[in-house]
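Observations on the three-dimensional arrangement
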Amino acid sequence: MEKIDYKREDLKYIWHPCSQMKDYETLAPIVIEKGQGIDLIDIEGKTYKDVVSSWWCNLLGHCNPDISNNVKKQLDELEHVIFANFSNKRIIELSVKLSKILPSRLEKFNYCDNGSSAVEMAMKMAFQYYQQTGKPKKIKFMALTEGYHGETIGALSAGACDLYTKIYKPILMDIIHIKAPDCYHCHFGKNRDNCNCECFCYAQESFEKHAIETCAILIEPLLQGSAGMRIYPPLYLKKLRELCDKYDVLLIADEIATGFYRTGKYFACNHADISPDIMCLSKGLTGGYMPFALVATTNKIYNAFYDDYNTHKAFMHSHTYAGNPLGASCALSVLDIFEKGEIQKHLKEVTPYFNNLIKEKFLNLENTGEVRSIGLINAIELVKDAKNKIHFNSKLRLGYQIYKKALKKGVLLRPLGDVIYFNPPLIIDKKDMDFVVKVARDCTIETLEEFNL
Ligand SMILES: Cc1ncc(COP(=O)(O)O)c(C=O)c1O
């Protein structure tokens, strides 16, 4: 094949996601050729530590030998088959395994191919459930402010990060947004570890007013990722479960970013010992290998769709790649790896190390507003004035400057605004932790000095 100038051809043809393409004039796309563990190696041989797990999906390292071998075997057996009326061995094996690890009552599984599609499916399912159980007025959705649930219209409507939604407002659904917990700026003067979730009053008010017309509330349990890794207490989830039961509103847990030990437990809902009515999973489900997603729900909801064909109660929702056996074979490997327990042991050992290291290295910086962590996820919120919690002017793009510097030093950080965060593959070791934290700290200091901040 003719020799390709990859960077040039990339820019000639490709429109990258979530990017101002003009930025690529000064920072060309980094073309990755190989992945191994937490390392990404580009076509020039430079290594980058992937501490954002390639958009939070890579769970157990790039080119994990167990997952790769399983997919290779599957490739020679069956790549895909229609999922209506047909099924395949891998997806059935996966469903059996999932039934054993998911929070109780989640026993029916509907598959699709990405996180946003899973959220759309969950929303349609919740809506149709009430249409078919005698409460047709329940047609609205609630969600938390600052939430993120994906990019398709329904998921985007449920989300509330202005950066992604603002321009589309005229075409978005009318969602009831409840003021989310904001522990860093707590309006009740409390702190995350000892509050009684006083901010839950906003949810209570909204339920009193709108529950009668609401079919479901969507939440990112414990961690509002895209909002800047905002962490809130499990008590909020417990209270929300009770409120949903009281007012007959379905609880949709979007665990797309939090599932599979990202928060230290299998699922974020486990921290509060609650089970949602519908759970969305993707990203780590396949270890980050394949576009693949799951909407898990209860028999109660499933049964509302189960009737003779001519009652038209079926869930007429489909995606071409639903139930894909390659995705299922990856997910099976992931669950097998967790079954062995080695990753959990590793996490027990390295998580306190990582969290303490980050506190030690960042809490003493003048511009650190807060360091927060859950599982291996750690976020450092940089502010102009820590005492008064005053933020930097977003036009400075402080996080982006830090990102560019860190790339030069071989670390793939991808700050969310002025929040630097780590969300690495769970296999990261202490040596890499030391390295990536040092680079992040050095780059932060250099950037702040350069900007004279
Ligand atoms: C909580 C949450 N929900 C939904 C999504 C959307 O998933 P996808 O990008 O696969 O559509 C994301 C992606 O980052 C997410 O973090």
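Residues numbered from 1 in each chain as written. Predicted model: local features only at pLDDT ≥ 70, side-chain atom pairs only at ≥ 80, totals over all residues.

**Side note on helix α3 (residues 65-75)**
One full turn of an α-helix is made of 3.6 residues, so residues set three or four places apart face in the same direction. The complete set of buried residues in α3 reads Ile-67, Asn-70 and Gln-74. Projected onto a plane normal to the axis of α3, the buried residues spread over an arc of 65° and lie on a single side. Among the exposed residues of α3, those pointing more than 90 degrees away from its buried face are Pro-65, Asn-69, Lys-72, Lys-73 and Leu-75. Buried residues along α3 sit in contact with α4 (89-101) and α12 (325-340). (Buried ≥ 20, exposed ≤ 12 C-beta atoms within 10 Å, placed from the backbone. Helix = DSSP H or I, 4+ residues; strand = E, 2+ residues; numbered from the N terminus. Arc of directions from axis to C-beta. Contact = placed C-beta atoms within 7 Å.)

**Quick look at the nonpolar core**
Formed by 124 residues in total, the largest nonpolar core has its most connected members in Ala-122 and Ile-252. Broken down by element, this core gets its largest block of residues, 9 residues, from helix α5 (residues 115-131). A domain split of this core shows at least three residues from each of domain 1 (31-63 + 343-450) and domain 2 (68-340). Beyond its immediate sequence surroundings of up to four residues, Ala-122 is in contact with Ile-252, Ile-278, Cys-280 and Val-295. (Core = buried A, V, L, I, M, F, W, Y, C linked by C-beta atoms within 7 Å. Domains from an automatic or database assignment.)

**So, the domain arrangement of the chain**
Domain annotation for the chain reports domain 1 (31-63 + 343-450) and domain 2 (68-340). Measuring from the centre of the C-alpha atoms in domain 1 to the corresponding centre in domain 2 gives 27 Å. Residue-level contacts link 25 residues of domain 1 with 23 residues of domain 2. Tallied by class, the residues present in the side of domain 1 that touches domain 2 amount to 14 nonpolar, 7 polar and 4 charged. (Nonpolar A, V, L, I, M, F, W, Y, C, P; charged D, E, K, R; others polar.)

**Concerning the sheet that holds strand β15 (residues 411-412)**
The 4 strands lie next to each other as β1-β2-β3-β15, forming an open sheet whose pairing is mixed. With partners counted over all chains shown, the strands left at the sheet margins are β1 (32-36) and β15, one partner each. The sheet contact formed by strand β2 (residues 39-42) and strand β3 (residues 47-50) spans 3 bridges and is antiparallel. From the neighbouring strand, Ile-41 faces β3, where its bridge partner is Thr-47. (Pairing = 2+ DSSP bridges.)

**A word on the sheet that holds strand β11 (residues 278-281)**
Strand pairing in a sheet relies on backbone hydrogen bonds, with the paired strands running either antiparallel or parallel. Strand order in the open sheet made by the 7 strands is β4-β12-β11-β10-β7-β5-β6, with mixed pairing throughout. Edge positions in the open sheet fall to β4 (108-112) and β6 (176-178), since each of these has one partner strand only. Across this sheet, the average inter-strand angle for adjacent strands is 20°, counted without regard to direction. Alignment of strand β7 (residues 214-219) against strand β10 (residues 250-254), held across 4 bridges, turns out to be parallel. (Axes fitted to C-alpha atoms, helices over the stretch in contact; angles between N-to-C directions.)

**Quick notes on the site of the ligand**
Close to the ligand lie 14 residues, the nearest being Gly-115, Ser-116, Gly-150, Ile-256 and Ala-257. No other element matches the 3 residues that α5 contributes to the shell around the ligand. A breakdown of the residues in the shell around the ligand according to their chemical character gives 4 nonpolar, 8 polar and 2 charged. (Near = placed C-beta within 6 Å.)

**What about α4?**
With 13 residues, α4 should cover 18 Å at 1.5 Å per step; its first-to-last C-alpha distance of 19 Å lies within 8% of that length. Buried within α4 we find Arg-90, Ile-91 and Leu-94. The arc that holds the buried residues of α4, viewed along the axis, is 85°, so those residues lie on one side. Among the exposed residues of α4, those pointing more than 90 degrees away from its buried face are Val-96 and Lys-100. For α4, the elements touching its buried residues are α3, β4 and α12. (Expected span 1.5 Å × (residues − 1).)

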